[in-house]
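Analysis of the macromolecular model
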Amino acid sequence: MAFASTTTTCVSRCRNGSGRFRKQGDDPMVTLKRPFRLATDEDAPQLAELVNFAGEGLPLHVWAGLSGQGEDPWEIGRARQARKARDGDIIVVDHGTGAVAGLTGYSIGTEPQPVGMDLPVLFRPLQELENSALESWYINVLACYPAARGKGIGSRLLRLAEEIAVSEGLSRLSVIVASDNAGACRLYERHEFKEVERKACVKDGWDTETDQWLLLMKPLSSAKAKTGDVPAQDLAFGGGASR
Ligand SMILES: CC(C)(COP(=O)(O)OP(=O)(O)OC[C@H]1O[C@@H](n2cnc3c(N)ncnc32)[C@H](O)[C@@H]1OP(=O)(O)O)[C@@H](O)C(=O)NCCC(=O)NCCS
């Protein structure tokens, strides 16, 4: 699962003209090369869908709770994603026909965040798990459109996440995944993530089969190859991938 409570502290990133992903106030760190690019607010319709894929429908449930009478919950999702895109917080994969996949994440700080009564019950197990992943780069959203899956994009975005984490001086990646999300669990396992903790899912009216949230982590070595150097043929789209 890749949907965090709105109370978590997110390292603010900003966009610059050269498509670099950087921490505010720091020098640019990771250069995005095609097909990666920073999302813009024009990607908002796709981003809302991608976030909802990653969040197993929980985002739509939350947006529905926030929407007024006659208001389309998707509009709330799109507006939120447009804001995040403007802040430079989202990376998309685009082969020239629009965003087909997305990645967002942030550095979890050194201090656990409070899990108080003011935090909606749905988010409490998620925040508790995030509090067990201090000083990691947390993958908040990783998703591809169904037609773009099974072509190596998810793997490539994971390698990009590693590069961002290492560039921020972090030595591990973290992600929260639903126990019944077999495809995502397989992907993370293949990329050497290990389960470190699990919590029962609180549903609070959310229609889901998910019983448990799993916190997976991956230690990183700073000697990793730069993702920007991964050849395009690693992607089936890039022409030549034979997997
Ligand atoms: C999880 C998800 C992001 C994986 O993305 P993906 O792009 O399909 O991932 P990959 O292509 O790297 O790997 C998926 C499969 O394709 C295979 N694959 C990778 N590259 C390939 C290629 N070039 N050709 C054919 N198959 C390939 C992989 O071996 C893997 O097989 P497996 O599922 O049997 O293990 C994607 O399925 C998704 O968006 N799911 C819905 C949202 C979601 O659950 N997000 C995670 C939340 S925590």
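The structure this text deals with has already been given above.
Rules behind the numbers
- The residue numbers shown here count from 1 along each chain, following its written sequence.
- Owing to the predicted nature of the model, reporting of local features is limited to residues with pLDDT of at least 70; listing and counting of side-chain atom pairs is limited to 80 or more, with chain, interface and lining totals taken over all residues.
- The helix count covers DSSP runs of H or I at least four residues long, the strand count covers runs of E at least two residues long, and both are numbered beginning at the N terminus.
- Remark: C-beta atoms are placed from the backbone, and a residue is labelled buried if 20 or more other C-beta atoms sit within 10 Å of its own, exposed if 12 or fewer do, or partly exposed between those counts.
- Here the contact rule is simple: place C-beta atoms from the backbone, and any two residues whose C-beta atoms are within 7 Å are in contact.
- This arc describes the spread of directions from the helix axis toward the C-beta atoms.
- Paired strands, in this sense, are two strands between which DSSP finds at least two bridges.
- Fitted lines through C-alpha atoms give the axes, limited to the stretch in contact for helices. The angle between two N-to-C directions lies from 0 to 180 degrees.
- Comment on the angle field: the value is read as roughly parallel under 35 degrees, roughly antiparallel over 145, roughly perpendicular from 65 to 115, and oblique elsewhere.
- In this count, Pro and Cys sit with the nonpolar residues alongside Ala, Val, Leu, Ile, Met, Phe, Trp and Tyr, while Asp, Glu, Lys and Arg are called charged and the others, Gly among them, polar.
- To define a nonpolar core, we join buried Ala, Val, Leu, Ile, Met, Phe, Trp, Tyr and Cys residues through C-beta atoms within 7 Å and take the resulting set.

Structural notes on the environment of Tyr145
- Within the secondary structure, Tyr145 sits in the loop between strand S7 (137–144) and helix H5 (153–167).
- Taking the number of C-beta atoms within 10 Å as the measure of exposure, Tyr145 has 17 and is therefore partly exposed.
- Residues Tyr145 and Phe53, spaced 92 residues apart in sequence, show a C-alpha to C-alpha distance of 8.1 Å.
- Apart from the residues lying within four places of it in its own chain, the contact partners of Tyr145 are Val100 and Ala101.

A closer look at the environment of Gly98
- Mapping Gly98 onto the fold places it in the loop between strand S5 (90–94) and strand S6 (99–107).
- For Gly98, a count of 12 C-beta atoms within 10 Å gives the class exposed.

Thoughts on helix H4 (residues 124–131)
- Among the residues of H4, Leu126, Gln127, Leu129 and Glu130 are the ones counted as buried. All buried residues of H4 project into a common sector of 160° when viewed along the axis, lining one side.
- Here the buried face of H4 lies against S7, strand S8 (172–178), strand S9 (194–200) and strand S10 (212–219).

Points about the pairing of S6
- Among the nine residues that make up S6, nine are buried, leaving the element largely enclosed by the rest of the structure.
- Summarising the sheet, S5 and S6 pair through five bridges and their orientation is antiparallel. For Val92, the partnering residue across the bridge sits in S6 and is Gly102.
- The antiparallel pairing of S5 with S6 creates a hairpin that spans four residues between the two strands, and Gly96 there sits at a positive phi of about 110°.
- Sheet topology places S6 next to S7; seven bridges connect them, and they run antiparallel. When the bridges of S7 are listed, Gly102 appears paired with Ala143.

Considerations on the packing of helix H2 (residues 58–66) against helix H3 (residues 73–86)
- Where H2 contacts H3, the two axes come as close as 8 Å, and the packing angle between them is 105°. One way to sum up the angle between H2 and H3 is to call them roughly perpendicular. Between H2 and H3, the contacting residues are Pro59, Leu60, Trp63, Ala64 and Leu66 on the first element and Pro73, Ile76 and Gly77 on the second.
- When grouped by side-chain class, the residues that make up the contact of H2 with H3 number seven nonpolar, one polar and no charged.

Quick look at the nonpolar core
- Residues Leu47, Ala101, Leu157 and Ala161 are the most contacted members of the largest nonpolar core, which totals 56 residues.
- Of the residues forming this core, the biggest block, eight residues, is contributed by H5.

Here's the deal with the sheet that holds S6
- One open sheet holds the seven strands; their spatial order is S4-S5-S6-S7-S8-S10-S9, and the pairing between them is mixed. Each having just a single partner strand, strand S4 (36–38) and S9 make up the two edges of the open sheet. Across this sheet, the average inter-strand angle for adjacent strands is 30°, counted without regard to direction.
- Relative to S10, S9 runs antiparallel, the two sharing six bridges. Following the sheet pairing, Ala200 is matched in S10 by Gln212.
- Running at roughly 110° to S7, helix H1 (residues 44–54) makes contact with S5, S6 and S7 of the sheet.

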